[in-house]
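Secondary and tertiary structure notes
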Amino acid sequence: MDPTEPPERSDPPEPPGPWGDPPTDSEELEPDNERWTAVQPIPNWRQQSHRRLLGRHPGLGVALVVLLAAGVALAVLGAMRSGGKTSAAGKVGGVLQVGVVGLPSLDPADARDPKAVMVVDQLFDTLVHNGGAPQPAPGLARAFEANPEQTAFTFHLAPGARFDDGSPVRAADVKFTLERIARKGSDSPLVAQLEAVSGFAAFHTSATAAGLSGVETPDPATVVVRLDTPFSSFPAVLGHPGFGIVPKAAVDRLGAGFKQTPVGSGAFRRVDSSAPGRLALRRVTGHVPQSRVDGIDFVDFTDVDAAYAAFRAGAVDVAPVPPARADDAAKDFGRRGMSPYNGLVFYGMNVKSPDLADPRFRQAITLAIDRQEIVGKVYQGSVGLATGLVADGVPGRAANACGDRCRHDPDRSRALLAETFPDGKIPEVAIDHDDDPTQAAVAQVIKTDLDTVGIPAVLRPHPFADYGKFLVSGQQELFRLGWIADYPSPDGFLTPLFLSTSPDNLTGLASPEIDRTLASARAEADPARRLDLYLKAEQLVLDQYVVVPVAQLQSRMVASSRVKGFALDPIGTFDGAVVSVSSSSK
C-alpha cells in the first residue's frame, strides 16, 4: 500500500535535542529572514537517529518509485461518487471488462496498491464516500456529525443496509472492522490512520485492552468514534476503501478464506469464474444504489503492455497505459482516464545537517533545480509537474502554491550563494536516492544543475530495498521523498510531513507557527476556514525551502467509447454502480 498519513500523535513531543529549542514567539528574526524559522544544526548529526518511521510504514520512501519503475505510472481508473456525472448512459446490463496486472486479495484490510483499492471498493462500502467536496458524502452512514472540539464523530447507519448474504449491517460490524485493522500484530497499511482513536495504544501496542475503547456502539444503528486529539478530517479517513465494512460473523466463519471469498457490503459480490486469470463480480440485488452493469470482470495480464494490447484488440473495455504510449493513447482514446493521483515526489533537505541549516543555501539549491527538465526528459511526461505540497485533485488545493519559489533561476541561485558564502567555501551536498534507474537519472539531473551554479554535489545511491531504512537514519541530506495520502485533504500531506512532532517529518523542520496553524486546522469545524488554515500552513512550509516539489503522479488508463459514466478518483478507484456499457463502441 502507499505510504499513509497518520493522525496527529497523542504522545508528548520529544525533548529538544542538541540543536536547541525552536524560537519563541517573542524572539525576533533578522528583517531579511523574518519569514524563516531559525534552525540550529546538530553538531553530531550523522550519529543522531530519526524517529522510527519504518516501524509504522515499511514501504515509505520506496513505494512511489516501485509503482513508477514498474512502468505503470500509477494507472488507475475511477468514477467520483460525489459530483460525478454519467454521460449518455448506456443500457442497463452487460459486464465491464477491466484489464489489471495481477489479482489482489479481496480483503479491504489488505488493500495495498491502487489495483487492490479498485477491486475491494466494488465489494465493500465505507461509512462515507470521498468525492470532489471538502466534506465526505454519505455512504453506509446516512449522516454523521462531530462535537465542537472535533474529537468525537457520530455515524448513523442507513436503514436497510445489508451485506451481500442478506444479513444487516450493524454498528457492531463497524466496530469490528476498525478493531480488525487496529489490532496488535495487524499488518494493514491503514493501521496508522487509527492512532488518534482513544485506546489505540492499549489495544494495538500493549494489547492490554480487549478492543478500541474509543469506538462505541450505543445502539445497533449508531457508531461513535472518540479521538484523543482534534482531527476534523477524520471522517474523510474512513472514506478510504480499505475501511470497507466487513461482517463479523462471516469473517469469524471463513477465517483466512475471507480474503478470496468475502461477504461484502458493496454493490457487487464475487462469484466463481470458469475462466482462469479472471475475477468475476456480479451485481448485488437490492443494493442502493443499484449498479447499472450486471457485473465487472477483472482480467489478469502479465504486464501493462499486454493489458493495453488486449484493450486495442477489443478484448477488454478498460486497461492501463504504458507510460511511453500515453500521448498516443490520449490522441486515440481521449484523456478521460488520465488524471492526477493523490501522490507527489519531492526532494527534501535535512535541516539538521549543518551544511543545510542556512535557509538561503536551501533556497539556492531549490532555484538551481530544473524541475521541468526532470519531468519532461527523465519521466518523459509520465508524471506532471508538482506545483505545491498538496496533490492536484485535492478539493480546495492552491493551483500554484509554490509560485516563484520553485522557479528555475540559476542567476538568483548564484547570487544567494555569494551572499551566503562570501569566502566561496560552498559545502558539498550529498544527493541521496534509491538506485532505481529512473531515480538515478533524476539525481544526475539535479547534480548537473547544482554543479552549474557552483554547488559541489556527490551522488549517493542506496540499494532499492534499503532506501526506506536510510531515510530514517538521520544521515540523509538532499534526498528523494515520495508521499501518497490516503484521503483527499491537505491534511494528508502537510501534517505528517511537516508537523514538528510527526514521526514522518524527515526534513527535521520545526516551526511553532506551522505547528499552531496545523493544530488549528485540525480543530476547525468549518470546512472553509479549515481550508484557509491549511493553505496558510502550506505557504509557511514553502517559505522554509525544506522540500523541492518535483512530480505529480498521474493515473493513466483508457476506456472504450462504449463505457459511459467514466470519471477518475484521486486514490485509484471507481464507482462501478454508475458505470454502464453499451452493446457497441460506436
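Residues numbered from 1 in each chain as written. Predicted model: local features only at pLDDT ≥ 70, side-chain atom pairs only at ≥ 80, totals over all residues. Heavy atoms only, no water.

Here we take up the overall build of the protein. Counting its secondary structure elements, the protein contains 16 helices and 19 strands. For the protein, the residues scored as buried account for 57% of the 586 residues in total. Sequence separation of at least 24 residues holds for 74% of the intrachain contacts in the protein that already meet a minimum separation of 6. When the accessible surface of the protein is totalled, it reaches about 22,000 Å², and 51% of it is carbon and sulfur. (Helix = DSSP H or I, 4+ residues; strand = E, 2+ residues; numbered from the N terminus. Buried < 20%, exposed > 50% of the residue type's maximum accessible area, 1.4 Å probe, protein only. Contact = heavy atoms within 4.5 Å. Areas by Shrake-Rupley, 256 points an atom, 1.4 Å probe, with all protein chains shown as cover.)

Turning our attention to unusual backbone geometry. Here the amide bond leading from Val288 into Pro289 is cis, since omega sits at 0°, within 30 degrees of zero. Relative to the helices and strands, Pro289 resides in the loop between strand 9 (278-283) and strand 10 (295-300). In this structure, Gln150 is a non-glycine residue whose phi angle is positive, near 60°. Following the sequence through the fold, Gln150 ends up in the loop between strand 4 (141-146) and strand 5 (152-157). By relative accessible area, which is 5% here, Gln150 ends up buried. Positive phi, close to 55°, is recorded for Ala207, a residue that is not glycine. Judged by relative accessible area, which is 42%, Ala207 ranks as partly exposed.

Scored by pLDDT, the protein comes out at a mean of 86, with 84% of its residues at no less than 70. Ignoring residues within four places in sequence, the model shows residues 1-89, a span with pLDDT below 50, making 258 contacts including any to other chains. (pLDDT = per-residue confidence, 0-100.)

We now examine the pattern of salt bridges. Summed over all chains, the structure comprises 24 salt bridges. The partner of Lys248 in a salt bridge is Asp252, and the shortest N-O contact between them spans 2.8 Å. Placement of the pair is Lys248 and Asp252 together in helix 6 (residues 248-254), with a separation of 4 residues, close to one helical turn. Of the charged contacts, one joins Arg360 and Asp358 as a salt bridge, the two residues approaching to 2.8 Å between their closest N and O atoms. Judged by relative accessible area, Asp358 falls into the partly exposed class, the value being 23%. Taken together, the shared-partner salt bridges connect Asp107, Asp110, Arg180 and Lys259 into one network. (Salt bridge = Lys/Arg side-chain N within 4 Å of Asp/Glu carboxyl O.)

In this section: the packing of aromatic side chains. Geometrically, a pair of aromatic rings is defined through the distance of the ring centres and the angle of the planes. This structure, assessed with the given rule, holds 10 aromatic pairs. Residues Phe153 and Phe234 carry aromatic rings whose centres are separated by 5.9 Å and whose planes lie at 40° to one another, so their mutual orientation is tilted. Taken together, the positions of Phe153 in strand 5 and Phe234 in helix 5 (residues 234-237) put the pair 81 residues apart, joining distant regions of the chain. Of the two residues, Phe153 and Phe234, neither departs from the other in class, the shared state being buried. (Phe/Tyr/Trp six-rings, centres within 6.5 Å; stacked < 30°, edge-to-face > 60°.)

Taken as a whole and judged by the stated rule, the model has 1 disulfide. Two residues, Cys402 and Cys406, share a disulfide whose sulfurs are 1.5 Å apart. Around the S-S axis, the bridge from Cys402 to Cys406 shows a dihedral of about 45° and counts as right-handed. Residue Cys402 is classed as buried on the basis of its relative accessible area of 2%. (Disulfide = S-S within 2.5 Å.)

Moving on, we get to the packing of helix 14 (residues 491-498) against helix 16 (residues 527-542). Closest axis-to-axis distance for the helix 14/helix 16 pair is 10 Å, and the angle between their directions is 45°. Put simply, helix 14 runs oblique to helix 16. The way helix 14 lies across helix 16 gives a crossing that is left-handed. Between helix 14, through Asp491, Leu494, Thr495 and Phe498, and helix 16, the contact on the second element is made entirely by Tyr534, Ala537, Glu538 and Val541. (Axes fitted to C-alpha atoms, helices over the stretch in contact; angles between N-to-C directions. Parallel < 35°, antiparallel > 145°, perpendicular 65-115°, else oblique. Left-handed = near helix turned anticlockwise from the far one by under 90°.)

So, on to the nonpolar core. In a soluble, globular protein the nonpolar side chains are often hidden away together inside. One finds Leu127, Leu194 and Phe234 to be the most contacted residues of the largest nonpolar core, which totals 38 residues. Among the elements of the structure, strand 5, helix 3 (171-182), helix 4 (200-205), strand 7 (222-226) and helix 5 are those that each provide at least two residues to this core. Ranked by the residues each element gives to this core, the list is headed by helix 3, at 5 residues. Those residues within four positions of Phe234 in sequence are excluded, and the remaining contacts are Phe153, Gln193, Leu194, Val197, Val225 and Leu227. (Core = buried A, V, L, I, M, F, W, Y, C linked by side-chain atoms within 4.5 Å.)

A separate point is the sheet that holds strand 6 (residues 215-219). With respect to topology, 4 strands assemble into an open sheet ordered 4-5-7-6, the strand pairing being antiparallel. Both edges of this open sheet fall to strand 4 and strand 6, since each of them pairs with a single strand only. Taking each pair of neighbouring strands and ignoring which way they run, the sheet shows an average axis angle of 20°. Sheet topology note: the strand 6/strand 7 ladder contains 3 bridges and is antiparallel. Bridge assignment links Glu216 to a residue of strand 7, and that residue is Val224. Against the sheet, helix 3 touches strand 5, strand 6 and strand 7, its axis set at about 175° to strand 6. (Pairing = 2+ DSSP bridges.)

For the rest of this paragraph, the subject is the environment of Asp504. Along the polypeptide, Asp504 turns up in the loop between helix 14 and helix 15 (512-522). In the structure, Asp504 is positioned 32 residues away from Val472 in sequence and 8.7 Å away in space, judged by C-alpha atoms.

Before going further, it helps to spend a moment on helix 7 (residues 304-312). Among all positions in helix 7, only Val304, Ala307, Tyr308, Ala310 and Phe311 are buried. Burial along helix 7 is one-sided: seen end-on, the buried residues are contained in an arc of 155°. At its buried positions, helix 7 is contacted by strand 11 (318-320), helix 8 (326-333) and strand 17 (547-559). Among the residues of helix 7, the N-terminal cap falls to Asp303, whose side-chain oxygen and the backbone nitrogen of Asp305 are separated by 3.2 Å. Note on helix 7: the residue one or two positions beyond its end, Gly314, has a positive phi of about 85°. (Arc of directions from axis to C-beta. Polar contact = N/O pair within 3.5 Å; in protein donor to acceptor, adjacent residues only side chain to side chain.)

So, on to helix 10 (residues 371-378). By the burial criterion, the buried members of helix 10 are Arg371, Ile374, Val375 and Val378. Seen from one end, helix 10 has its buried residues packed into an arc of 110°, which puts them on one side. For helix 10, the secondary structure elements touched by its buried residues are strand 13 (384-385), helix 12 (437-453) and strand 17. The opening residue of helix 10, the one whose side-chain oxygen lies 3.3 Å from the backbone nitrogen of Gln372, is Asp370. Just beyond helix 10, the residue with positive phi is Gln380, at close to 50°.

The geometry of helix 9 (residues 359-368) relative to helix 11 (residues 410-420) is characterised by a closest axis approach of 8 Å and an angle of 160° between their N-to-C directions. Regarding the angle of helix 9 to helix 11, the classification is roughly antiparallel. Our pair here, helix 9 against helix 11, has a crossing hand that is left-handed. Contact residues: Arg360, Phe361, Gln363, Ala364, Leu367 and Ala368 in helix 9; Pro410, Arg412, Ser413, Leu416, Leu417, Glu419 and Thr420 in helix 11. Here the contact of helix 9 with helix 11 is built from residues that sort into 7 nonpolar, 3 polar and 3 charged. (Nonpolar A, V, L, I, M, F, W, Y, C, P; charged D, E, K, R; others polar.)

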